[in-house]
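The residues making up each chain are set out below.
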Amino acid sequence: MPEKSRTNKTAALPSNAIGKILSFIHERRYQPSERLPSERDFAEKFDTSRGAVREALAALESMRVIERRPNSGIYLRNSEESSIEALVLYAESGVPFEPKEIAEVMEVRRILEAQATRLACTRRTADNIRDLHMILRDTEKRLSKKQSIEHEDEAFHLAIFAAAKNDILLRIARSFYELSRPRRRLYFSDQGRCRRAYDDHQTILTAIEGRRVGQAEQQINAHLSRTTDAWQALLGEQKNSK
């Protein structure tokens, strides 16, 4: 019976083991090219099977977080070499991002969303506009109940990417939103920020619906600038409270 319980516990793996490995790397402050514990050591440390750890390490290797060197061991790679998916995993594991990293994520998001908004103005269909209006109606309902619009905000922005009719661009955008989900939860805990986002979304949708490219791009840039400013202020408050 105990053996069966252990099997069930480890069968759920990789996400749990990956999170533990990433948190361990962060907490111990490993540096690029530094040797990590062995597969066996990780299994003992996390009280899980070697198979689970092996699968987790294989995933991290495919995302260029680590590298295996024959007859040598497992080594941490430079963070600049890792994939976007690796950044998402770090976020999901609760590993904090540096202010510089957050600023760079916001910068890339701004570039992508400005282009997506331009494309959406020329490529959007009636169905896209209907979906965007529906999301805003859902947002308004949440606001009337003084609830967070975290999910509705994400849905609105991804709907713009969907209206751009570029599947690769949409897939990249999804990764960025997964990456920022923990921070967005905190950001939208404030009703004032929720209301401002909703007001911005209304003006953005009006411009996209009217196919006014210049205005839509201007509105999305202004919206993201306000978001960046608000987030930087929030980070400052958190830093001062420590």
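Treat the numbers as computed from the prediction; the structure is a model and nothing was measured.

Each value, and the rule that gives it
Residues numbered from 1 in each chain as written. Predicted model: local features only at pLDDT ≥ 70, side-chain atom pairs only at ≥ 80, totals over all residues. Heavy atoms only, no water. Salt bridge = Lys/Arg side-chain N within 4 Å of Asp/Glu carboxyl O. Helix = DSSP H or I, 4+ residues; strand = E, 2+ residues; numbered from the N terminus. Buried < 20%, exposed > 50% of the residue type's maximum accessible area, 1.4 Å probe, protein only. Domains from an automatic or database assignment. Phe/Tyr/Trp six-rings, centres within 6.5 Å; stacked < 30°, edge-to-face > 60°.

1. Quick notes on the pattern of salt bridges
Consideration 1: In the structure shown here, the tally under the stated rule is 13 salt bridges.
Consideration 2: In this structure, Arg142 engages Glu152 in a salt bridge whose closest nitrogen and oxygen atoms are separated by 3.9 Å. Here Arg142, found in helix 7 (residues 126–144), pairs with Glu152, found in helix 8 (residues 150–163); they are 10 residues apart in sequence, far enough to count as distant.
Consideration 3: We note a salt bridge from Arg184 to Asp153, for which the minimum N-O separation is 2.8 Å. Taken together, the positions of Arg184 in helix 9 (residues 167–187) and Asp153 in helix 8 put the pair 31 residues apart, joining distant regions of the chain.
Consideration 4: Accessibility expressed as a relative area gives 6% for Arg184, which makes it buried.
Consideration 5: Each of the salt bridges in this network shares a partner with another, and the network as a whole consists of Glu39, Arg50 and Arg54.

2. Description of the domain arrangement of the protein chain
Consideration 1: Here the domain parsing of the protein chain yields domain 1 (17–86) and domain 2 (97–240).
Consideration 2: Taking the mean C-alpha position of each, domain 1 and domain 2 sit 34 Å from one another.

3. Thoughts on the packing of aromatic side chains
Consideration 1: Using the criterion set out here, one finds 5 aromatic pairs in the structure.
Consideration 2: Ring centres of Phe24 and Phe42 lie 5.8 Å apart, and the angle between their planes is 85 degrees; on these two criteria the pair is classed as edge-to-face. In this pair, Phe24 sits in helix 2 (residues 15–27) while Phe42 sits in helix 3 (residues 39–45), placing the two residues 18 residues apart along the sequence. Phe42 matches Phe24 in its accessibility class, with the two residues each being buried.
Consideration 3: With centroids separated by 5.0 Å and ring planes inclined at 80 degrees, the aromatic side chains of Tyr187 and Phe188 adopt a geometry described as edge-to-face. Each member of the pair Tyr187 and Phe188 is classed as buried.

4. A few points about unusual backbone geometry
Consideration 1: Despite not being glycine, Lys146 shows a phi value in the positive range, around 55 degrees.
Consideration 2: In this fold, Lys146 is placed in the loop between helix 7 and helix 8.
Consideration 3: Phi angles above zero are rare outside glycine, and Arg211 is one such case at about 55 degrees.
Consideration 4: Structurally, Arg211 can be placed in the loop between helix 10 (191–209) and helix 11 (213–241).

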